[in-house]
Each structure stands twice: as structure tokens, then as C-alpha cells.
Amino acid sequence: MTLITGPTTTATGSEIRVRFCPSPTGTPHVGLIRTALFNWAYARRTGGKFIFRIEDTDASRDSEESYGQLVEGLRWLGIDWDEGIDTGGPNEPYRQSERGEIYQEVIEKLKSSGHLYESFLTGEEIEQRNIANSRAVQLGYDNSERDLSEEDRQAYLSEGRKPALRLRVPDQDITFVDLVRGEITFPAGSFPDFVLVRPGGAPLYTLVNPVDDALMGITHVLRGEDLLSSTPRQIALYNALVEAGVATFIPRFGHLPFVMGEGNKKLSKRNPESNLFLHRDRGFIPEGLLNYLALLGWSISADRDIFSLDELCENFEIENVNPNPARFDQKKADAINAAHIRLLTDEDFMGRVLPYLQSAGVIQGEPTSKQLEILSAAAPLTKERVIVLGDVPAMIEFLFIDVADLKIDEDALKQLPENAVEIVAAATASLERLEDFTTDAIHQALSDALVDGLGEKPRNAFGPVRTAISGRRVTPPLFECMEILGKEQSLARLEAFAQSR
């Protein structure tokens, strides 16, 4: 007989219910966020529900700081949830640490239905039994206590032993259709009866995770490939939960591909690119990062990489996820983020970049009306040239400071021609006569004086002017920036540069 996962919908209707249930350990990993994104997108495409709960029963590893970062990360990205932490819902509470009484009730039902039995053997004793019986040690437990006599039970108890509780695993093949990988079969005997409750009564993750899914009506479990090996155990437990009257169906499973780093190794928490907040701090915008994470295993079409979150939700199908490992490519992620920055309106771009300007000290506190005016003028020039929002402060800082505070970068000075001072002097003379200090007029005046007058090529002609004006080798369009600065400030910078050389 083969055990097969049950219906694709709940017993009460056709609503799809998926969940994101991380453990609060460490900083959110981009692979974890990719899992949340795929669950969220699937719920939004199907009109289903996305549930966010926390698996925090490991007090030695879990932390409130990490819990707060998970919530903060999802909110920053705009991944909202229909039920769960801070939102509530019909299955509260949504933190495992607060669901102890619920688990004890389920444990009693599984014991009463005969699916759990007491196990007293220690790990050392299990190993010794395997050696004595010429059984491979790696096979683990031999199910020898399934029908423990009352006499033996009392003997163990008299020694002061406390029993663990193991699930009685059916001696059957376990087959399920993985939504990403197709049909998978685990032959009978692939794993022994396994512990669900520690000695002393504390339930393990292997129990509480499927129990929460069952009680919350989760229809589709979309999770990382690393959990694939635990799926047959969960299906065996689900069958027990159904027979004990705790669950009414078994969810469908889909196991998402690994996210790999350099050298085709799994992207670990030690890799900087795995850290969600490092991308945020660099200046990724949610649209860009989520677009890229969606490409780690899925695509909207063969020839298209850039799409909106609405388009993701309209088109996402879990069956179209590629089961092969996906490699995190920082350069491609940067390029996709830059593309999404360019799609922002100027006003939106200003609002998003302002905190980076404040953090860098370019703008102190609340911006003045003059600073907002400068930022408004610089926004359309800047957003076409940055990869991340964190690039902006260094690029436009010169627009917000006075000539006395302007510093010339060494790399900019190294690029200047020998006659840089002569070029700047000619530029100054041409601009002093200019009454209409606008972009086109500035461009024409400098072209006449430097390209036609001095016979310089544009790069040599305008490079020294750019450096004198900004202190940098690369800036947003020079003539537009000079218009933003105004005639007085522009001339002051050219004169200061000439005097300093």
C-alpha cells in the first residue's frame, strides 16, 4: 500500500492557504525571504491566504532580536500577511512558544489512538543493540519498543527513566507528488519510528510543525529543498493526525531549489550577500530585490527579467519553479535594482533617497526648502545613474555644500590634463559674461570657449570644469548641475580651483 498526500483544498472549500514559519535565529537570509516571497505570491495569485507564524521553541537559539528583524524585513519588503503575528486570526497564537497546551492536547489524542508509544532506550543503548544484532549502526532505532511489556516498562520507570514518545510509522512506501520535483517515493523502511516528544514531555519540531499546519488548514507547504528528507516523516505523522481526528487532509508539498553562492556552494549566513539588511543598507529598493529573488528558481518568461510585484503575483505558478539550484549573482541583482530605480517617479525617488542623504550627513535633520529644491532638481539626473540608493550621497553631496567645504578627490586630480588651469580660466571667462545661466546656455558657452576656442576635445575640455565644480571625476550631467548651483557658486568653485593649483 502507498501513502499519498490528500486533496489540494481544505474540506470546507477551495481556498489556498500557505504559510511562512521561520525560526527567529540570526539575521534574515535572502533564501528564507525567497521562500516567503514564493508563498506570498502564490497566495496572491490564487486569492488564498498567507499565514505568518514563528517557530520559536528552541530557547537556546531563538532571540527576540531576530524575531523583530523578521517582522521588520517583511514589512520593509511589502510582503503582507493575512493571518499571523501582529495581525491575528482564527488560529491564535501564532508563536509556537505560546501554543504548549494545544500540543499537549494533540499528543494525548495521538497516544489514545495508538500512534505514539513510549521509548526508554538511550542513543548508546540503540547503538549497542544494532552492533549486537549485526545491524548497521547508521540505521538507528530498530522499533524494538513498539510492544514493550508492562513489566519492562515498569522496570525502566523504577530506574528513574522518563520515556520519549515515538510515532508508530506504517510499514509502507510513502509516495507524494512534489509540486516542483514531481512524484517522489520513499520505500518502506526508509526511516524508523521517530521521536516526537522528548523525555519530560517537550514536543519536538517534527511534531509541532505539522500540527500547526494541520490546525491552521495549510493546503500547500512550499519550503526549501533542505527539508525534503523530512517530508515522508511528516506525511506519516499527517496520516496519524487524520486517523486521530486532528487533521482532515494532508497538504501538498513543493520543495524550492537551493540558493547557491560562489563556487556552487550553498549560500551560507557567512556570505555577505545572504544578509537581507546589508542589501537594504546598500540601497536596494524592495521592488528590485524581490524581482531578483523571484528569479532564483522562477521566471516570468524566457526573455524577460524585469517585472513588477503585481506581475509576479499575476503569473506565479509553483509548478513552474525550476528544481535546479539557483546561484545568487550580485552583479545581476545590482542591475535589476538599478532598472527598478529608474522606474521610480522623481518624487518617489526623492522620498526614498532622503534617509540615505541624512544618514551620510549630507542633509542634517529635516531638509530645508532650499535643500529640497536642490534634491528635486538633482533627482531626475541622479536616478538614471545609480545602482543602489547608497550611491547617491557621494554623487550629489557637492550640490549641498559651499565652495569652502568642497574637497577635490585624488583620483579626479590624476585624470586632469596638464593645462587644466588654463581650461578652467577660459571657462571662467566665458561664464562670467553669461546672463542666462541655464543648462543649454552653459553648454554652448563652454563649448565655444574650450572646444572651439582652445581646440580641446570635449573630454579634456569639460573634465577640469567637472572636477572644479564637484571635486569628483564622475557626476550627474555637468551643465545641469551647474545650473542647480547657480552662477555665483559655479564661478566661485572655478576660481577656487584655479587659485589652488
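Residues numbered from 1 in each chain as written. Predicted model: local features only at pLDDT ≥ 70, side-chain atom pairs only at ≥ 80, totals over all residues. Heavy atoms only, no water.

## Focus on the overall build of the protein
- Within the protein one finds 20 helices and 13 strands.
- Against the compact-globule benchmark of 23 Å for 501 residues, the protein has a radius of gyration of 32 Å, which places it well outside the compact range.
- Counting only C-alpha atoms, the protein reaches 110 × 45 × 40 Å along its principal axes.
- Out of the 501 residues belonging to the protein, those deemed buried represent 50%.
- A sequence separation of at least 24 residues applies to 75% of the contacts in the protein between residues at least 6 apart.
- When the accessible surface of the protein is split by element, carbon and sulfur atoms take 47% of a total near 23100 Å².
- Positive and negative side-chain charges of the protein, numbering 52 and 77 respectively, have mean locations separated by a distance of 3 Å. (Helix = DSSP H or I, 4+ residues; strand = E, 2+ residues; numbered from the N terminus. Rg over C-alpha atoms; globule rule 2.2 N^0.38 Å. Buried < 20%, exposed > 50% of the residue type's maximum accessible area, 1.4 Å probe, protein only. Contact = heavy atoms within 4.5 Å. Areas by Shrake-Rupley, 256 points an atom, 1.4 Å probe, with all protein chains shown as cover. Lys, Arg positive; Asp, Glu negative; His and termini not counted. Charge placed at Lys NZ, Arg CZ, Asp CG, Glu CD.)

## Quick notes on the packing of helix 16 (residues 420-432) against helix 17 (residues 439-453)
- Interhelical geometry of helix 16 versus helix 17 gives an angle of 130 degrees and a closest axis separation of 9 Å. In this view, helix 16 runs oblique relative to helix 17, as classed from their interaxial angle. The chirality of how helix 16 crosses helix 17 is right-handed. Within the contact between the two elements, helix 16 uses Ile423, Ala426, Ala427, Ser430 and Leu431 and helix 17 uses Ile442, Ala445, Leu446, Ala449 and Leu450. (Axes fitted to C-alpha atoms, helices over the stretch in contact; angles between N-to-C directions. Parallel < 35°, antiparallel > 145°, perpendicular 65-115°, else oblique. Left-handed = near helix turned anticlockwise from the far one by under 90°.)

## Things to note about the pairing of strand 10 (residues 220-224)
- By the criterion of burial, strand 10 is predominantly enclosed, with five of the five residues buried.
- As paired elements, strand 10 and strand 11 (residues 252-256) share five bridges and run parallel to each other. Note on strand 11: the bridge partner recorded for Arg223 is His255.
- For the handedness criterion, the β-α-β arrangement of strand 10, helix 7 (residues 231-243) and strand 11 is classed as right-handed. (Pairing = 2+ DSSP bridges. Right-handed = clockwise from strand over helix to strand, strands pointing away.)

## Overview of the state of the cysteines
- Across all of its chains, the model carries zero disulfides by this definition.
- For Cys313, which is in no disulfide, the shortest distance to another cysteine sulfur is to Cys21 and amounts to 20 Å. (Disulfide = S-S within 2.5 Å.)

## Some thoughts on the sheet that holds strand 4 (residues 83-84)
- Reading across from one edge, 2-3-4 is the order of the three strands in this open sheet, with parallel pairing throughout. The outermost strands of the open sheet, each flanked by one partner alone, are strand 2 (17-20) and strand 4.

## Considering the packing of aromatic side chains
- This structure, assessed with the given rule, holds 10 aromatic pairs.
- Judged by centre distance (4.9 Å) and plane angle (40 degrees), the rings of Phe38 and Phe316 are tilted. Placement of Phe38 in helix 1 (residues 30-46) and of Phe316 in the loop between helix 10 (309-315) and strand 13 (326-327) is noted, with a sequence separation of 278 residues between them. Both residues of the pair, Phe38 and Phe316, belong to the buried class.
- Plain terms: the ring middles of Tyr292 and Phe328 are 5.1 Å apart, the flat faces sit at 85 degrees to each other, and that makes the pair edge-to-face. Of the two residues, Tyr292 sits in helix 9 (residues 286-294) while Phe328 sits in the loop between strand 13 and helix 11 (330-343), which places them 36 residues apart along the sequence.
- An aromatic cluster is defined as three or more aromatic residues linked by ring pairs; in this entry it consists of Phe38, Trp298, Phe307 and Phe316.
- Here Arg95 stacks its cationic end above the ring of Tyr67, 4.2 Å away from the centre of that ring.
- For Arg166, the ring lying beneath its charged end belongs to Tyr141, and the centroid distance is 3.6 Å. (Phe/Tyr/Trp six-rings, centres within 6.5 Å; stacked < 30°, edge-to-face > 60°. Lys NZ or Arg CZ within 6 Å of the ring centre and 35° of its normal.)

## Considerations on the pattern of salt bridges
- A full pass over the atoms with the stated rule returns 33 salt bridges.
- Of the charged contacts, one joins Arg45 and Glu317 as a salt bridge, the two residues approaching to 3.4 Å between their closest N and O atoms. Taken together, the residues Arg45 in helix 1 and Glu317 in the loop between helix 10 and strand 13 connect sequence positions 272 residues apart.
- We classify Glu317 as partly exposed; its relative accessible area is 25%.
- Of the charged contacts in the structure, one is a salt bridge between Arg304 and Glu311, with a shortest N-O distance of 2.6 Å.
- A single salt-bridge network, built from bridges that share partners, covers Arg19, Arg53, Glu55, Arg99, Asp212 and Asp213. (Salt bridge = Lys/Arg side-chain N within 4 Å of Asp/Glu carboxyl O.)

## Regarding the confidence of the model for the protein
- Looking at the protein as a whole, the pLDDT averages 94, with 97% of positions reaching at least 70.
- Contacts of residues 1-12 to residues separated by more than four positions or lying in other chains number 35 contacts, the stretch itself having pLDDT below 50. (pLDDT = per-residue confidence, 0-100.)

## What about the sheet that holds strand 6 (residues 164-167)?
- Strand order across the open sheet formed by three strands is 5-6-9, with antiparallel pairing between neighbours. Two strands in the sheet have a free side with no partner beyond their single neighbour: strand 5 (116-119) and strand 9 (195-197). Going across the sheet, the axis of each strand differs from the next one's by a mean of 50 degrees, ignoring polarity.
- The sheet contact formed by strand 5 and strand 6 spans four bridges and is antiparallel. For Leu116, the partnering residue across the bridge sits in strand 6 and is Leu167.
- Strand contacts of helix 3 (residues 100-112): strand 5, strand 6 and strand 9, with the helix running at about 95 degrees to strand 5, the strand carrying the most contacts.

## Here's the deal with a negative patch on the surface
- There is a patch of like negative charges on the surface, built from Glu435, Asp436, Asp440 and Glu483.
- When its relative accessible area of 65% is taken as the criterion, Asp440 is described as exposed. (Patch = residues over 30% accessible without salt bridge, like charges linked within 9 Å, V, L, I, M, F, W, Y side chains within 5 Å.)

## Thoughts on the environment of Phe52
- Secondary-structure assignment places Phe52 in strand 3 (residues 49-52).
- Owing to a relative accessible area of 0%, Phe52 belongs among the buried residues under this scheme.
- Considering only alpha carbons, one finds Phe52 and Arg19, 33 residues apart in sequence, at a separation of 5.8 Å.
- In contact with Phe52, other than residues within four places in its own chain, are Phe20, Pro22, Leu70, Val71, Leu74, Trp81, Glu83, Gly84, Ile85 and Tyr94.

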